[in-house]
Amino acid sequence: NAGVMQNPRHLVRRRGQEARLRCSPMKGHSHVYWYRQLPEEGLKFMVYLQKENIIDESGMPKERFSAEFPKEGPSILRIQQVVRGDSAAYFCASSGGESPLHFGNGTRLTVT
Amino acid sequence: DQQVKQNSPSLSVQEGRISILNCDYTNSMFDYFLWYKKYPAEGPTFLISISSIKDKNEDGRFTVFLNKSAKHLSLHIVPSQPGDSAVYFCAASDQTSYGKLTFGQGTILTVHP
């Protein structure tokens, strides 16, 4: 199954630590999106990347959050100095262009 | 500012009957609409979509209706099956970026045997 792969599935971090979330898109897909779902809410767009380029980061918090999609390897969403409010499910999705997004199973981040 | 709204947090339906899930939007720039289904601890799975040039799209048991003047869309599932029990999300985008979706809050559908 060459679906969107996210790891880890669960991540626990103490306040102030760094969280790194990884996403490998579906084979042949070059467009990667990150979404965040807070408890009791819908998914919210964070960032859109293509290989080595950030296309749209309008949904990213201004501080502590960054994303990359290097030429080789998975896309990484990085959260520095995590706070309790960062606890959420983070979903990665990929597409081949204008096709519907295919989502991974998410990383559930818990900040203690 | 909730641009996509699903006003019913939950819906309960008997197996074999029709399930109707509703969604309203406010942004007139949206021209592409999708429904996703989500099981606990999994990612959303694409179900069906519709572009603004159509008012209906059908795929098996799933039909999506779009009323542009009312800025309203609905998903009909008929006949409903217990395996359809999940959270259903409505999402919308515009032609500048089809992958940048605005999601509703979701509706929990429960189909009773």
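Placed above this text is the structure.
The following refers to the structure shown. (Residues numbered from 1 in each chain as written. Chains lettered and ligands numbered in written order. Predicted model: local features only at pLDDT ≥ 70, side-chain atom pairs only at ≥ 80, totals over all residues. Heavy atoms only, no water.)

Turning our eyes to something else, we now look at the sheet that holds strand β8 (residues 75-79) of chain A. Residues and elements named next belong to chain A. Strand order in the open sheet formed by four strands is β1-β3-β8-β7, with antiparallel pairing between adjacent strands. If you trace the sheet from one side to the other, it starts and ends with β1 (5-7) and β7 (65-68), each paired once. On average, adjacent strands in this sheet sit at an angle of 15° to one another, irrespective of strand direction. (Pairing = 2+ DSSP bridges. Helix = DSSP H or I, 4+ residues; strand = E, 2+ residues; numbered from the N terminus. Axes fitted to C-alpha atoms, helices over the stretch in contact; angles between N-to-C directions.)

This paragraph deals with a nonpolar patch on the surface. Together, B:I18, B:I20 and B:V78 make up a nonpolar patch on the protein surface, roughly 230 Å² of accessible area in all. Tracing the sequence through the fold places B:I18 in the loop between β2 (10-14) and β3 (19-25). (Patch = residues over 30% accessible without salt bridge, like charges linked within 9 Å, V, L, I, M, F, W, Y side chains within 5 Å. Areas by Shrake-Rupley, 256 points an atom, 1.4 Å probe, with all protein chains shown as cover. Salt bridge = Lys/Arg side-chain N within 4 Å of Asp/Glu carboxyl O.)

A word on the interface of chain A and chain B. If you look at the interface, chain A gives 19 residues, while chain B gives 18 residues. Both sides together, the interface formed by chain A and chain B hides about 1,500 Å², and carbon and sulfur atoms give 58% of it. Between the two partners, chain A and chain B, sit one salt bridge. Its salt-bridge partner being B:K100, residue A:D56 comes within 3.1 Å of it at the nearest N-O pair. Put simply, chain A and chain B have seven residue pairs in polar contact (both at pLDDT 80 or more) between them. Those elements that place two or more of their residues in the side of chain A that touches chain B are β4 (31-37) and β5 (43-50) of chain A. Class assignment of the residues belonging to the side of chain A that touches chain B gives a composition of nine nonpolar, five polar and five charged. (Contact = heavy atoms within 4.5 Å. Buried area = accessible area lost by both parts, 1.4 Å probe. Polar contact = N/O pair within 3.5 Å; in protein donor to acceptor, adjacent residues only side chain to side chain. Nonpolar A, V, L, I, M, F, W, Y, C, P; charged D, E, K, R; others polar.)

Remember, this is a structural readout, not a statement about activity or role.
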